[in-house]
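Structural features, examined
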Amino acid sequence: AGFIKSPLSQKRLTQDSVELYCEAIGNPIPEIQWWFEGNDPNETYAQLWDGARQDRVKINATYNLHSTSTISIANLTGDDSGMYECRASNDPDRNHLSKSPKVKWIRSQANVFVIERPNIAAEFTESSGRLTLSCNMSAPHPTITGHKWIHKEKILEEDENPGAFTTYIIEGTKEEHSGVYECIFEANPQIRGQVNISVSPQVTAYKKSEHGNEGDTGVLTCKNPSFPAVTTWSWYKSGHGVSALLENASGRYIIKSSGNKTELRILKLDIEQDTGDYFCNGTNPYGSGDATVNLRVRSRLAALWPFLGIVAEVLVLVTIIFIYEKRRKPDEVPDGEKHLGLNLKSNATNHKDKNVRQRNAN
């Protein structure tokens, strides 16, 4: 057996997690084990198992063309500092209780240093339409080489200042910029703080006005873009000066809510019963907020009215033309025919006169 990847030594903070990776080859495929020796001089190596240390240790191994194994330890404490050893062997007697294996276990080691996490005082202040976010790290702390501010995985600002204090300024109100902001101190290991800008729900309607056809299903949606998420959503409908709470149990209303979004479905829309204003209300530990959605229910024939109007106009026009044609005088002769008739009469008269003159000549 031989290693093709060995675990690497790492520094971590308390409450962080660490992951070590080991990969070995051999024929037959070797087995991989993990062992640990603490920093106490009297402590000896002990094998680690999946689920050890109150289920904080997780070991994943695969044996295909070669052996791979990963050990991860969550929620680190100072007692997790020490030497971690990856052992590999493909000797058939490697785990025999009485026989000594012919091939010894090969070993690869890595140190894990768990450092006490410094305290970070994180806060924000609001003044004159401006938010000032700050993080102040207490001593003792490792050497700092810079800072970063991150929001939604986007870097907002970074510098290379060595100080244990950093600020970030936002133009606007907390309602406009609520959320989770991270301050990062570049050190070994990296140290992170968190500034939470929390507000009551800033609820908005996906559409302020919705339309639906009679008999169909109406869908109304509201969302909350602010932080923290809504814990309770509710829907109301206004009518006769009061607002009635809508519930799933009513049969015609289906309400689906998850985090910062809620949806109201109204089955078999009715023009008289369902037309009107609906209110979505969201609540979190900092207060509540609501929005209004106006629902208009149309008759199923509404889409046919324009077509029927065109058909009616065509019928009226055809009727007028038909009546006009019926009422025309039968002896009314078009202008062209009138001119032709005059020419014929004229020619006939000329021939008659000519014949008369011929008789007189004889």
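Values in this document were obtained by computation on a predicted structure and should not be read as measured data.

**As for the confidence of the model for the chain**
Residue-level pLDDT values for the chain average 86, and 85% of them are 70 or greater. Low pLDDT, under 50, characterises residues 354-362; the predicted model gives this stretch 0 contacts beyond four residues in sequence or across chains.

**Notes on the packing of aromatic side chains**
The geometry of an aromatic ring pair is captured by two quantities: the separation of the ring centres and the angle between the planes. Tallying each qualifying case throughout the model produces 2 aromatic pairs. When the centroid spacing of 4.7 Å and the interplanar angle of 45° are considered together, the rings of Phe36 and Tyr84 count as tilted. Here Phe36, found in strand β4 (residues 31-38), pairs with Tyr84, found in strand β8 (residues 82-89); they are 48 residues apart in sequence, far enough to count as distant. Note on accessibility: Phe36 and Tyr84 belong to one class, buried. One cation-aromatic arrangement involves Arg252 over Tyr253; the distance from NZ or CZ to the ring centre is 5.7 Å.

**Brief notes about the sheet that holds strand β11 (residues 130-137)**
Pairing is antiparallel across the open sheet formed by 3 strands, whose spatial order is β10-β11-β14. Pairing within the sheet leaves two strands with one partner each, and these edge strands are β10 (120-127) and β14 (165-171). Strand-to-strand twist of the sheet, defined as the mean angle between neighbouring strand axes without regard to direction, takes the value 15°.

**Concerning unusual backbone geometry**
The amide bond that connects Asn27 to the next residue, Pro28, takes the cis arrangement and shows omega of 0°. On the secondary structure map, Pro28 appears in the loop between β3 (18-25) and β4. Backbone geometry places Glu153, a non-glycine residue, at a positive phi of 65°. Tracing the backbone shows Glu153 in the loop between β12 (146-151) and β13 (154-159).

**Things to note about the state of the cysteines**
A covalent bond between the sulfur atoms of two cysteines is referred to as a disulfide. The full count for this structure, using the stated rule, is 3 disulfides. In this model Cys135 forms its disulfide with Cys183; the gap between the sulfur atoms is 2.0 Å. Every disulfide takes its handedness from the sign of the S-S torsion; for Cys135 and Cys183 that torsion is -90°, giving left-handed. Taken together, the positions of Cys135 in strand β11 and Cys183 in strand β15 (residues 179-186) put the pair 48 residues apart, joining distant regions of the chain. Judged by relative accessible area, Cys183 falls into the buried class, the value being 0%.

**Details of the pattern of salt bridges**
Scanning all chains against the criterion turns up 11 salt bridges. Between Asp80 and Arg53 there is a salt bridge; the shortest N-O distance is 2.8 Å. Within this pair, whereas Asp80 is found in the loop between β7 (67-73) and β8, its partner Arg53 is found in helix α1 (residues 52-55), the two being separated by 27 residues in sequence. Using a relative accessible area of 1% as the deciding quantity, one classes Asp80 as buried. A salt bridge links Lys148 to Glu186, with the shortest nitrogen-to-oxygen separation between them at 3.7 Å. Highlighted residues: Lys148 in strand β12 and Glu186 in strand β15, separated in sequence by 38 residues. Lys148 sits in the partly exposed class, given a relative accessible area of 22%.

**Comments concerning the pairing of strand β23 (residues 261-266)**
Along any regular strand, the residues point their side chains to alternate faces of the sheet. Pairing between strand β19 (residues 218-223) and β23: 6 bridges, direction antiparallel. Paired with Lys223 across the bridge in β23 is Lys261. As paired strands, strand β22 (residues 253-258) and β23 are joined by 6 bridges and run antiparallel to one another. When the sheet's bridge partners are listed, Ser258 is paired in β23 with Lys261. Hairpin remark: β22 followed by β23, antiparallel, with 2 residues in the connecting loop; positive phi at Gly259, about 60°.

**Considerations on the environment of Glu214**
As for its placement among the helices and strands, Glu214 is situated in the loop between β18 (209-213) and β19. Apart from the residues lying within four places of it in its own chain, the contact partners of Glu214 are Leu269, Ile271, Val297, Arg298, Ser299 and Arg300.

**Some points on the environment of Thr166**
One can find Thr166 in strand β14. Taking the C-alpha atoms as reference points, Thr166 and Ala122, separated by 44 residues in sequence, lie 9.8 Å from one another. Residues within four places of Thr166 in sequence aside, it is in contact with Leu133, Ser134, Cys135, His147, Trp149, Cys183 and Phe185.

**Some words on the nonpolar core**
With 18 residues, the main nonpolar core has Leu220, Cys222, Trp235, Leu264, Ile266, Tyr278 and Leu295 as its most contacted residues. At the level of elements, β19, β20 (232-239), β23, β24 (276-284) and β25 (287-298) are the ones that each hand at least two residues to this core. The element that contributes the greatest number of residues to this core is β25, accounting for 4 residues. With near-sequence residues (within four places) excluded, Ile266 lies in contact with Asp216, Thr217, Gly218, Leu220, Arg252, Tyr253, Asp274, Tyr278 and Leu295. One finds Ile32, Trp34, Phe36 and Val57 within the second-largest nonpolar core, a separate group that totals 17 residues.

Cut-offs used in this document
- Residues numbered from 1 in each chain as written.
- Predicted model: local features only at pLDDT ≥ 70, side-chain atom pairs only at ≥ 80, totals over all residues.
- Heavy atoms only, no water.
- pLDDT = per-residue confidence, 0-100.
- Contact = heavy atoms within 4.5 Å.
- Phe/Tyr/Trp six-rings, centres within 6.5 Å; stacked < 30°, edge-to-face > 60°.
- Helix = DSSP H or I, 4+ residues; strand = E, 2+ residues; numbered from the N terminus.
- Buried < 20%, exposed > 50% of the residue type's maximum accessible area, 1.4 Å probe, protein only.
- Lys NZ or Arg CZ within 6 Å of the ring centre and 35° of its normal.
- Pairing = 2+ DSSP bridges.
- Axes fitted to C-alpha atoms, helices over the stretch in contact; angles between N-to-C directions.
- Disulfide = S-S within 2.5 Å.
- Salt bridge = Lys/Arg side-chain N within 4 Å of Asp/Glu carboxyl O.
- Core = buried A, V, L, I, M, F, W, Y, C linked by side-chain atoms within 4.5 Å.

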